[in-house]
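A look at the structure
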Amino acid sequence: MSEAIKQPDALTQATVTIAWVIVLNKPFYPVYVWYLVGDGVVASLATLLSAPLFLAIPFLAGRSPLAARIALPLIGTFDTLFETKLFGSASGTELFFAACVMLVALSFKADEKWWQRGMAVLVFAVFVFSRNFIDAPLRVWTAPELVTFFNLNAFAVASLLAFIALRYAGISRT
């Protein structure tokens, strides 16, 4: 007899939605780079390396909702660190740490506060590491390219933050 599939809680459902949005948007980033920057498409293809990790979150949610809710900001944090090394701090990729912090703030139940606190400290520590120890990017960009990257990433982060706020709106954390 097969086990019934349990419907995930509302917070986990929101986490899965955000993971799917990220997975579905990942392939477009190199296209944006090609269209807006015109150079560096090959380097931007490396951003697709994290897509399978984000794709695993919906499957993880069925087995362990807490693990899925931890995984999303965790994967996002290390993806942001990688992309900051790839594109450099001036590209604005570090702005994605804000989305990771917002996910930490919204993704946990009241009785999971120690997980939430630990994740908040981790995201902040990785951000501090990024600001202080990421040297030159893996690819050198011109000043106009960096301005374009910063604008692209600022718009992407603002869009993601707005979507996160809309998706988590009204969800009880008790």
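This text goes with the structure placed above it.
Let me sum up the structure you'll find in this document.

What counts and what doesn't
- Residues numbered from 1 in each chain as written.
- Predicted model: local features only at pLDDT ≥ 70, side-chain atom pairs only at ≥ 80, totals over all residues.
- Heavy atoms only, no water.
- Helix = DSSP H or I, 4+ residues; strand = E, 2+ residues; numbered from the N terminus.
- Phe/Tyr/Trp six-rings, centres within 6.5 Å; stacked < 30°, edge-to-face > 60°.
- Buried < 20%, exposed > 50% of the residue type's maximum accessible area, 1.4 Å probe, protein only.
- Lys NZ or Arg CZ within 6 Å of the ring centre and 35° of its normal.
- Arc of directions from axis to C-beta.
- Contact = heavy atoms within 4.5 Å.
- Core = buried A, V, L, I, M, F, W, Y, C linked by side-chain atoms within 4.5 Å.
- Salt bridge = Lys/Arg side-chain N within 4 Å of Asp/Glu carboxyl O.

It is worth spelling out the environment of phenylalanine 127 at this point. Assignment of secondary structure puts phenylalanine 127 in helix H7 (residues 113-133). When the C-alpha positions of phenylalanine 127 and phenylalanine 78 are compared, they lie 9.7 Å apart, and in sequence the two are 49 residues distant.

What follows deals with the packing of aromatic side chains. A full pass over the atoms with the stated rule returns eight aromatic pairs. Judged by centre distance (4.8 Å) and plane angle (35°), the rings of phenylalanine 87 and phenylalanine 149 are tilted. Here phenylalanine 149 lies in helix H8 (residues 143-168) and phenylalanine 87 lies in helix H5 (residues 65-87), a separation of 62 residues in the sequence. For the pair phenylalanine 87 and phenylalanine 149, one class covers both residues: buried. Here the aromatic rings of phenylalanine 124 and phenylalanine 127 are separated by 6.2 Å at their centres, their planes lie at 40°, and the arrangement is tilted. Linking phenylalanine 124 with phenylalanine 127, this pair stays in helix H7, spanning three residues, or about one helical turn. Taking the relative accessible area as the measure of exposure, phenylalanine 124 reaches 53% and is therefore exposed. Ring pairing ties together the aromatic residues Tyr29, Phe87, Trp141 and Phe149, which thus form one cluster. The ring of tryptophan 114 carries arginine 117 above its face, with NZ or CZ at 4.6 Å from the centroid.

Let us now look at helix H2 (residues 29-37). An α-helix turns once per 3.6 residues; consequently, residues spaced three or four apart project the same way. Buried within H2 we find Tyr29, Pro30, Val33 and Val37. Buried residues of H2, seen end-on, are gathered within an arc of 100° and therefore sit on one face of the element. What points out from H2, more than 90 degrees from its buried face, is the exposed set Trp34 and Tyr35. Its buried side turned inward, H2 meets helix H1 (10-25), helix H3 (41-44), H5 and H8.

Moving on, we get to the nonpolar core. Nonpolar side chains in soluble globular proteins tend to be buried together. One finds Ile18, Phe54, Ile57, Leu72, Ile164 and Tyr168 to be the most contacted residues of the largest nonpolar core, which totals 23 residues. Contributing elements (two or more residues each) for this core: H1, helix H4 (51-63), H5, helix H6 (96-106) and H8. Counting residues per element, this core draws most heavily on H1, at seven residues. Those residues in contact with tyrosine 168, other than ones at most four positions away along the chain, are Leu11, Ala14, Thr15, Ile18, Leu103, Leu106, Ser107 and Arg173. Counting residues in each nonpolar core, the second largest holds eleven residues, with Val33, Ala46, Leu86 and Leu152 among its members.

Here we come to the pattern of salt bridges. Between side chains of opposite charge, a pair can form as their charged atoms come close. Scanning the entire structure with this criterion turns up five salt bridges. One salt bridge in this structure joins lysine 109 and aspartate 9, with 4.0 Å as the shortest N-O distance. Of the two residues, lysine 109 sits in the loop between H6 and H7 while aspartate 9 sits in the segment before H1, which places them 100 residues apart along the sequence. Classification of lysine 109 by relative accessible area gives partly exposed; the value is 25%. Judged by relative accessible area, aspartate 9 falls into the partly exposed class, the value being 22%. Taking the shortest distance from any N to any O, the salt bridge between aspartate 79 and lysine 26 comes out at 2.7 Å. On the criterion of sequence distance, the pair formed by aspartate 79 in helix H5 and lysine 26 in the loop between H1 and H2 is long-range, its members being 53 residues apart.

What follows covers the environment of isoleucine 164. Mapped onto the elements, isoleucine 164 comes out in helix H8. In sequence terms isoleucine 164 and glycine 76 are 88 residues apart; their C-alpha atoms lie 13 Å from each other. Residues within four places of isoleucine 164 in sequence aside, it is in contact with Ile18, Ala99, Met102, Leu103 and Leu106.

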